[in-house]
Amino acid sequence: RQRGQILILVGLSLIIMVGMTGLALDSGRGYAVKAKLNAAVDAGSIAAARAIAVGASDSERISNAQAAALRFFNLNYPDDYFGAPRPAPAISAVRDSERRWNVTVSAVATMPTTFARVLGQDLVDVSASGTTVRRQLDVVMVLDTSGSLGPPTSPATTFPRLKTASINGFVSKFSTDDDRVGLVSFSSGTVTDVPLR
């Protein structure tokens, strides 16, 4: 009457062992997807916070931030990573009461399982979220206007053109509504050409 009992025990044990193996393998894959997804949302939120300074209106700034976040997210999360297709991230940019921008990028990747399907788990959702806060900046550009910087063979108009191009390039990196930028030049002494504004 005891014949065949070992087959039942082995059969039940195999289900448990395959389930435990699947749990170990799929958990490892899930952690790998989670790490990659974390890197992608962090990169996206940082890129969006940088890009939100560019634009003439809040809607244009938000649009620039969303485009930058999506580009950096896609660069950092390859499609079909460990079988999980690249998700479409949710990107939001909100200005708080202190006029700081809070940029949040979040995503959920759906990863198919392998051995865990024995336990009835076909898919696993892996989520990640990253937030970057862009504060108002006070930045002063300091220019050396002494004659030692200009080569003796260049015309006198070269340095003023370079100075103007440098100032314009510098100022364009900041938000005209949120950031304050100033200019100080020095030669034999310092001069505050433009105070913070």
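As a reminder, the structure under discussion sits directly above these lines.
Here the structure is a predicted model, which is why all the values come from computation and not from measurement.

Q: I'd like a description of the pairing of strand 2 (residues 101-112), backed by residues and values.
A: Side-chain alternation along strand 2 places W101, V103, V105, A107, A109 and M111 on a buried face and N102, T104, S106, V108, T110 and P112 on a face that remains uncovered. Pairing of strand 1 (residues 90-95) with strand 2, which is carried by six bridges, proceeds in the antiparallel orientation. Among the inter-strand pairings, A90 is bridged to a residue of strand 2, identified as S106. Taken together, strand 1 and the strand that follows it, strand 2, pair antiparallel across an intervening segment of five residues, in which R99 is found at a positive phi of about 65°. In this structure, strand 2 lies alongside strand 3 (residues 123-134), joined through 12 bridges in antiparallel fashion. Note on strand 3: the bridge partner recorded for V103 is T132.

Q: Mind laying out the sheet that holds strand 4 (residues 138-144), listing which residues take part and the relevant values?
A: The three strands are arranged 4-5-6 in an open sheet whose pairing can be described as mixed. At either end of the open sheet lies a strand with only one pairing partner, and these are strand 4 and strand 6 (190-194). Neighbour-to-neighbour, the strand axes of this sheet turn through a mean angle of 30°, independent of strand direction. Here strand 4 pairs with strand 5 (residues 180-186) via seven bridges, running parallel. By the bridge assignment, D144 is partnered in strand 5 with F186.

Q: Which residues make up helix 2 (residues 58-76), and what are the values?
A: The first and last C-alpha atoms of helix 2 sit 27 Å apart over 19 residues, in line with the 27 Å expected at 1.5 Å per residue. Inspection of helix 2 places R61, A65, A68, A69 and F73 among the buried residues, and these make up the whole buried set. Projection of helix 2 onto a plane perpendicular to its axis shows the buried side chains occupying an angular sector of 130°, all on one side. Exposed side chains of helix 2 directed beyond 90 degrees from the buried face belong to S59 and L75.

Q: Got a sec to walk through the nonpolar core? Specific residues and values, please.
A: Across soluble globular proteins, nonpolar side chains have a tendency to be buried as a group. V33, L37, F73 and Y77 are the most contacted members of the largest nonpolar core, which totals 22 residues. If we skip the residues at most four places from it in the chain, F73 touches L37, A40, V41, G44, R86, P87, P89 and A107.

Q: An account of the side chain of R95 is needed here, citing residue identities and associated values.
A: As for its position among the elements, R95 is in strand 1. Polar contacts involving the side chain of R95 include one to the side chain of D58, which spans 2.8 Å. If near-sequence neighbours (up to four positions away) are discounted, R95 is found in contact with D58, R61, R100, W101 and D178.

Q: Tell me about the pattern of salt bridges, and name the residues and values.
A: Scanning the entire structure with this criterion turns up six salt bridges. Note that R95 is salt-bridged to D58, the shortest N-O span being 2.8 Å. Linking R95 in strand 1 with D58 in helix 2, this pair joins segments that are 37 residues apart in sequence. Salt-bridge contacts for D138 lead to R180; the nearest nitrogen and oxygen are separated by 2.9 Å. Taken together, the positions of D138 in strand 4 and R180 in strand 5 put the pair 42 residues apart, joining distant regions of the chain. Residue R180 is classed as partly exposed on the basis of its relative accessible area, which comes to 38%. A single salt-bridge network, built from bridges that share partners, covers D58, R61 and R95.

Conventions used here
- Residues numbered from 1 in each chain as written.
- Predicted model: local features only at pLDDT ≥ 70, side-chain atom pairs only at ≥ 80, totals over all residues.
- Heavy atoms only, no water.
- Buried < 20%, exposed > 50% of the residue type's maximum accessible area, 1.4 Å probe, protein only.
- Helix = DSSP H or I, 4+ residues; strand = E, 2+ residues; numbered from the N terminus.
- Pairing = 2+ DSSP bridges.
- Axes fitted to C-alpha atoms, helices over the stretch in contact; angles between N-to-C directions.
- Expected span 1.5 Å × (residues − 1).
- Arc of directions from axis to C-beta.
- Core = buried A, V, L, I, M, F, W, Y, C linked by side-chain atoms within 4.5 Å.
- Contact = heavy atoms within 4.5 Å.
- Polar contact = N/O pair within 3.5 Å; in protein donor to acceptor, adjacent residues only side chain to side chain.
- Salt bridge = Lys/Arg side-chain N within 4 Å of Asp/Glu carboxyl O.

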